[in-house]
Amino acid sequence: MASAALELMGFFLGLLGMLGTMVATVLPYWQISAHIGSNIVTAVANMRGLWMECVYQSTGAFQCETYNSMLALSSDLQASRALMVISLVLSIVAIAMAALGMQCTLCLEGGGAVKSRVAGASGGLFLTAGFLSLIPVSWTTHEVVDTFYRPNVPSSMKFELGECLYVGLASALISMLGGGMLCVSCCEAQDGGGRGRRHAGGYPYPAGVVGAPGAGARTTSQTYRNPVLQVGGANAASRGQTLVRSTSHSSQSSAHGVQGGAKKPAAAGYDITGYV
């Protein structure tokens, strides 16, 4: 149960991290213009992202323009695009693999060891996706802070940290945490000797008694105690009766009760359905 709980927690954390990474990749709030020094006009705010640059005016107008040429962009922006997209792709693949390998799903039912390996692989993909998305977020944060404190850069060219950087950082950490949980659950399952289904093998019916080799019959015996019989106004002692149901084609079931040397009719028995 502990490994199953870790898997569910890791899956939902990885899913949440993937959604946060998607939001941080699409929105343009990576860099926001800083209103300092001579640049104290707050009527216009400039925002930059991975795919577009936007301008927000105090009148409510919001205009965005995508970058015209990908090759004309700086190398760090191109690398940030590539890393964020690869992180999203790996997160989607990890979610699909986690859905196949978790204990609460019915996929890959025949092999417990295979499900464990698939869940562990999905955890590794979540870890990789979180690490890849952490690289551009950290690099952009470093550039923004370094440019902000340069004295030779004019105030109009300085930017502050945008909301997408915080979202991307939190999403990367959440994805890595979810991947670590999935990997830990995989290790626990392998130490426990496999991950077969808990109620497999004829649950909830008891295992049958296997006969001698070559007998070709497997039987299940249950002993029930009949209620007190009323015969001729007198109470008769309770008797035990054993009903045997055999799965072989030639076996039969019978019950006989004898008391005081006189043969009396057998009491009504119970129909037992045994599954082996």
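Further up the page is the structure itself.
Residues numbered from 1 in each chain as written. Predicted model: local features only at pLDDT ≥ 70, side-chain atom pairs only at ≥ 80, totals over all residues. Heavy atoms only, no water.

A. Quick peek at the pairing of strand S3 (residues 52-57). Two elements, strand S2 (residues 44-48) and S3, share five bridges in a ladder whose sense is antiparallel. Directly across from Asn 46, in S3, lies its bridge partner Val 55. Where S2 hands over to S3, the hairpin turn is made up of three residues, counted between the paired strands. In the sheet, S3 pairs with strand S4 (residues 62-66) via five bridges, with the strands oriented antiparallel. Opposite Glu 53, over in S4, you have Glu 65 as the bridge partner. The antiparallel hairpin formed by S3 and S4 contains four residues in its connecting segment, where Gly 60 sits at a positive phi of about 105°. (Pairing = 2+ DSSP bridges. Helix = DSSP H or I, 4+ residues; strand = E, 2+ residues; numbered from the N terminus.)

B. Layout of the sheet that holds S2. As summarised here, the arrangement of the five strands in space is S4-S3-S2-S1-S5, forming an open sheet in which the pairing is antiparallel. Both outer strands of the open sheet, S4 and strand S5 (159-161), are each paired with one neighbouring strand and no more. Taking each pair of neighbouring strands and ignoring which way they run, the sheet shows an average axis angle of 25°. (Axes fitted to C-alpha atoms, helices over the stretch in contact; angles between N-to-C directions.)

C. Representation of the state of the cysteines. Evaluation of the coordinates by the stated rule reveals one disulfide. Across the disulfide, Cys 54 is cross-linked to Cys 64 (sulfur-sulfur distance 2.0 Å). Because the torsion about its S-S bond is 105°, the bridge between Cys 54 and Cys 64 counts as right-handed. Linking Cys 54 in strand S3 with Cys 64 in strand S4, this pair joins segments that are ten residues apart in sequence. (Disulfide = S-S within 2.5 Å.)

D. Geometry of a nonpolar patch on the surface. There is a patch of nonpolar side chains on the surface, built from Met 22, Val 23, Val 26, Leu 27 and Val 167 and spanning about 370 Å² of accessible area. No other element matches the three residues that helix H1 (residues 2-26) contributes to the nonpolar patch. When you line up the elements, Met 22 lands in helix H1. Residue class for Met 22 comes out partly exposed when judged on its relative accessible area of 37%. (Patch = residues over 30% accessible without salt bridge, like charges linked within 9 Å, V, L, I, M, F, W, Y side chains within 5 Å. Areas by Shrake-Rupley, 256 points an atom, 1.4 Å probe, with all protein chains shown as cover. Salt bridge = Lys/Arg side-chain N within 4 Å of Asp/Glu carboxyl O. Buried < 20%, exposed > 50% of the residue type's maximum accessible area, 1.4 Å probe, protein only.)

E. Inspection of the layout of surface pockets at higher detail. The volume enclosed by the largest pocket comes to roughly 430 Å³. Looking at the largest pocket, it is lined by 20 residues, and the ones nearest its centre are Gln 31, Arg 48, Ser 74, Asp 76 and Glu 143. Contributions of two or more residues to the lining of the largest pocket are made by helix H2 (75-101) and helix H3 (112-148). The residue makeup of the lining of the largest pocket, split by class, is eight nonpolar, seven polar and five charged. (1 Å grid on protein atoms, 1.4 Å probe; cavity = no way out; pocket = protein on both sides within 12 Å on 5 of 7 lines; lining within 4 Å. Points joined across faces, edges and corners; volume = space filled by probe spheres on them. Nonpolar A, V, L, I, M, F, W, Y, C, P; charged D, E, K, R; others polar.)

Keep in mind that these numbers describe shape and distance, not what the molecule does.
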